[in-house]
Amino acid sequence: MKRGWRWLGLSWAVLAIGTEAAQCFDRAAQSHRFVVDSHLHFQPFSGPALPHEELIGYLERAGIQYANVYGIGQTRIQDWGCFHGGRCDSDVIMPTMKNDFLNAKNLADHPSRNVGLTLSMTFPDLQHPDTIVDRMDILDSEFPGFFQWMGEANVVKQALFVWGHEPATLEDIDAWAPFMAKLRERQMPLALHSDFGNDQDPLKYLPLMQAILERYPDNVVVWMHLGMSREQRDMEPRQHTRILSELMDEYPNLWLDISWNVLYDYYFSEPTRRPFYVDFLNQYSDRVLTGTDIVASEHTGYSQYERALDDTSYINQFLDDNAFRNIALGQSYFNLLGWDKSAPAICTKE
Ligand SMILES: [Zn+2]
């Protein structure tokens, strides 16, 4: 630990006194891992969490400079009772405020030193939106100034159907208006998990995202995982990127997230599929975020975090310099949050 501190101190000093040339990012010599994990769940689906400080230790060790602190939008609500002698037999999951309180308390108790953290409200139940504004107010009054983001919340997540989750309906989406207005006021991005479709019906749920964008064009919406999931391993890349491009062109407040190793496993690692995504990301990188999408629990070790980081960073090596700076070095993330901060320029070749 002590050595880590000294090393960090030294590297900051070198950065501080470095010349302009030394400060540029040399892609040939430096890692293509990203430095902003904008999609990281600090609270698990079920069971005890990894201690906050331990997870921050992982991030420091992996070279992560900024991270979003998510709870998780699907929680086994009986956990606490269950761990204290109650019943453990419920198969019902729900979004709850529990994670948001825990994360906010952890941030209050452990001010971060080396990793900049952005705290997110993960509680919204998009299928029952009437309570969202009141709950935003509760979190804001308990932890004033702490929360700057909302999500990841689930519009439709097929993996959760066995746990009682149902897709938001068009009526639900209409009823989002009050909290969407509050998000606009607060300039808070809303990160949504919304499956595109599945391998049997590739565009099945696309109309939901289209409805959200049509109804709320002035809200910043971050669409997670390019809409992909384990239920959709065979989306046709040309059609996929064409539809995404059309939406990105039509809705300037739409952002995309390329976190989760599902994208690596079925799309980015496939040499015949990858080029479509590289072209797409090069074109729209100023509205693309990335992250590991690790759901940390007490069982999550550093090697698991590192492997997710390597998988989700894999695509970065194929990006052009501009897209690399925007996505891997975090410039798009800084811009989205309105931070006056510049990622290093990419060193130009002699
Ligand atoms: Zn996630």
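Given the structure is predicted, the values throughout are model-derived calculations rather than measurements.

**Focus: the overall build of the protein**
(1) Moving on: Each helix and strand in the protein was counted, giving 15 helices and ten strands.
(2) Moving on: Out of the 350 residues belonging to the protein, those deemed buried represent 52%.
(3) Moving on: When contacts within the protein are restricted to residue pairs at least 6 apart in sequence, long-range pairs at least 24 apart make up 79% of them.
(4) Moving on: Split by element, the accessible area of the protein, about 16200 Å² in all, is 52% carbon and sulfur.

**Some words on the coordination of the zinc ion**
(1) Moving on: Within the first shell, the zinc ion binds the protein through His 39 (NE2), His 41 (NE2), Glu 152 (OE) and Asp 293 (OD), at distances of 2.0 to 2.2 Å.
(2) Moving on: If you look at the zinc ion, its four donor atoms make angles of 83 to 174 degrees with each other, and the shape they trace is irregular.
(3) Moving on: The sequence pattern describing where the donors of the zinc ion fall on their chain is H-x1-H-x110-E-x140-D. Placement of His 41 in the loop between strand S1 (36-37) and helix H3 (52-61) and of Glu 152 in strand S6 (residues 147-156) is noted, with a sequence separation of 111 residues between them. Each member of the pair, His 41 as well as Glu 152, is classed as buried.

**With respect to the packing of aromatic side chains**
(1) Moving on: Within this structure, the stated rule accounts for 19 aromatic pairs.
(2) Moving on: Seen from their ring centres, Trp 176 and Tyr 216 are 6.3 Å apart, and the 15 degrees between their planes marks the pair as stacked. Residue Trp 176 is located in the loop between helix H7 (170-174) and helix H8 (177-186), and its partner Tyr 216 is located in the loop between helix H9 (206-215) and strand S8 (221-223); the two are separated by 40 residues in the primary sequence. Taken as a pair, Trp 176 and Tyr 216 share a single burial class, namely buried.
(3) Moving on: Centre to centre, the rings of Tyr 333 and Trp 339 are 5.6 Å apart; their planes meet at 90 degrees, and the pair counts as edge-to-face.
(4) Moving on: Taking relative accessible area as the criterion, Trp 339 reaches 29% and is therefore assigned partly exposed.
(5) Moving on: Cation over ring: Arg 61 sits above Tyr 302, and NZ or CZ is 3.8 Å from the ring centre.
(6) Moving on: Sitting above the plane of the Phe 318 ring, Arg 274 keeps its charged end 4.1 Å from the centroid.

**Structural notes on the state of the cysteines**
(1) Moving on: Across all of its chains, the model carries one disulfide by this definition.
(2) Moving on: In this model Cys 24 forms its disulfide with Cys 347; the gap between the sulfur atoms is 1.9 Å. Negative torsions about the S-S bond denote left-handed disulfides, and the value of about 105 degrees found for Cys 24 with Cys 347 makes this one right-handed. With a gap of 323 residues between them, Cys 24 in the loop between helix H2 (20-23) and S1 and Cys 347 in the segment after helix H15 (331-336) connect regions that are remote in the sequence.
(3) Moving on: With relative accessibility at 22%, the residue Cys 347 sits in the partly exposed group.

**Details of the pairing of strand S5 (residues 116-121)**
As a general feature of sheets, a regular strand has side chains that alternate between the two faces.
(1) Moving on: Counting buried residues in S5 gives five out of six residues, a clear majority hidden from the surface.
(2) Moving on: In the sheet, strand S2 (residues 66-69) pairs with S5 via four bridges, with the strands oriented parallel. In the strand pairing of S5, Ala 67 is matched with Leu 117.
(3) Moving on: Where S5 meets S6, three bridges bridge the pair, whose relative direction is parallel. Along S6, the bridge assignment pairs Leu 119 with Phe 147.

**Looking at the pattern of salt bridges**
(1) Moving on: One pass over the full model with this rule turns up ten salt bridges.
(2) Moving on: Of the charged contacts, one joins Asp 140 and Arg 186 as a salt bridge, the two residues approaching to 2.4 Å between their closest N and O atoms. Highlighted residues: Asp 140 in helix H6 (residues 132-142) and Arg 186 in helix H8, separated in sequence by 46 residues.
(3) Moving on: Look at Asp 140 and you get buried, because its relative accessible area is 18%.

**Notes on unusual backbone geometry**
(1) Moving on: At the junction of Gly 151 and Glu 152, the peptide bond is cis and its omega measures out at -5 degrees in the coordinates.
(2) Moving on: Positive phi, close to 55 degrees, is recorded for Gln 187, a residue that is not glycine.
(3) Moving on: Mapped onto the elements, Gln 187 comes out in the loop between H8 and strand S7 (190-194).
(4) Moving on: Here the phi dihedral of Asp 293 falls at roughly 60 degrees; this positive angle occurs in a residue that is not glycine.
(5) Moving on: Note on placement: Asp 293 falls in the loop between strand S10 (288-289) and helix H13 (302-313).
(6) Moving on: Accessibility expressed as a relative area gives 12% for Asp 293, which makes it buried.

Reading the values: the criteria
Residues numbered from 1 in each chain as written. Predicted model: local features only at pLDDT ≥ 70, side-chain atom pairs only at ≥ 80, totals over all residues. Heavy atoms only, no water. Helix = DSSP H or I, 4+ residues; strand = E, 2+ residues; numbered from the N terminus. Buried < 20%, exposed > 50% of the residue type's maximum accessible area, 1.4 Å probe, protein only. Contact = heavy atoms within 4.5 Å. Areas by Shrake-Rupley, 256 points an atom, 1.4 Å probe, with all protein chains shown as cover. Donors = N, O, S within 2.8 Å, 3.2 Å for Na, K, Ca; no water. Tetrahedral: all angles 85-135°; square planar, octahedral: opposite > 155°, others 65-115°. Phe/Tyr/Trp six-rings, centres within 6.5 Å; stacked < 30°, edge-to-face > 60°. Lys NZ or Arg CZ within 6 Å of the ring centre and 35° of its normal. Disulfide = S-S within 2.5 Å. Pairing = 2+ DSSP bridges. Salt bridge = Lys/Arg side-chain N within 4 Å of Asp/Glu carboxyl O.

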